[in-house]
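# Geometric and topological summary
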Amino acid sequence: MKASRYVASAVVVLISSFATYFYTTNLDTSEWEVVTIADGDSFTLSKNNRKETFRLYGIDCPEKNQPFAAKARTFTTTMLNEGAIRVKAVEKDTYGRTIAWVYSDTLCLNEALLENGLAWHYTYFSSDAELAALEKQARDHKSGLWSEPDPVPPWEFRHRKKTAKQR
């Protein structure tokens, strides 16, 4: 009985160690500086004289000329300028941007934008349950863009704009 408890404890410790290792090896904790903020979910950072463009994973902020676009951009600007920026890269998109979870000190920018009603959970690219819950919470509290009577998701806004240009 005692031996199986020790084995179980050892397995838990090993799994925790591996999880910590894999989490921290994918988290870039080097010093990033803000170069430009394109909008609430896209920006360029630099470190060691190298610029890199990022897009926040799992969310989509309002496009320019949509309600709350300026607030989302201001929120992102403020958060990135207030703390040490950390990046957890997920992948590269077709535009060469790094899709990532981005942190300002301990605050996850992806989550904070959703929580404050400044973004949609981008379910086409993400099935993250926590992001879905944060959007639902913002909707239920009518936070940010959810205070609008019928907010238009950015992907629909972009599609409508593209269709109008083709006419």
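Residues numbered from 1 in each chain as written. Predicted model: local features only at pLDDT ≥ 70, side-chain atom pairs only at ≥ 80, totals over all residues. Heavy atoms only, no water.

This paragraph deals with the overall build of the protein chain. Assigned secondary structure in the protein chain consists of five helices and nine strands. In sequence order, the secondary structure elements of the protein chain are arranged as α-β-β-β-β-β-α-β-β-β-α-β-α-α. Out of the 167 residues belonging to the protein chain, those deemed buried represent 38%. In the protein chain, of all internal contacts separated by at least 6 residues, the share reaching a separation of at least 24 is 56%. Of the roughly 10,500 Å² of accessible surface on the protein chain, 54% is carried by carbon and sulfur atoms. (Helix = DSSP H or I, 4+ residues; strand = E, 2+ residues; numbered from the N terminus. Buried < 20%, exposed > 50% of the residue type's maximum accessible area, 1.4 Å probe, protein only. Contact = heavy atoms within 4.5 Å. Areas by Shrake-Rupley, 256 points an atom, 1.4 Å probe, with all protein chains shown as cover.)

Now for helix 4 (residues 129-140). Taking 1.5 Å of rise per residue, the 12 residues of helix 4 would be expected to cover 16 Å, and the 16 Å separating its terminal C-alpha atoms lies within 8% of that figure. For helix 4, the full list of buried residues reads L131, L134, E135 and A138. Down the axis of helix 4, the sector holding all buried residues measures 100°, keeping them to one side. Exposed and facing more than 90 degrees away from the buried side of helix 4 are A129 and D140. For helix 4, the secondary structure elements touched by its buried residues are strand 7 (98-104), helix 3 (109-115) and strand 9 (120-121). Looking at where helix 4 begins, the residue whose side-chain oxygen comes 3.0 Å from the main-chain nitrogen of E130 is D128. Backbone geometry just after helix 4 places K142 at a positive phi near 50°. (Expected span 1.5 Å × (residues − 1). Arc of directions from axis to C-beta. Polar contact = N/O pair within 3.5 Å; in protein donor to acceptor, adjacent residues only side chain to side chain.)

Let us look at unusual backbone geometry. Its identity as a non-glycine residue notwithstanding, N49 has a phi of 60°, on the positive side. Take N49: it is sitting in the loop between strand 3 (42-47) and strand 4 (50-56). On the basis of relative accessibility, which here comes to 85%, the residue N49 falls in the exposed class. In this structure, K142 is a non-glycine residue whose phi angle is positive, near 50°. Structurally, K142 can be placed in the loop between helix 4 and helix 5 (154-166).

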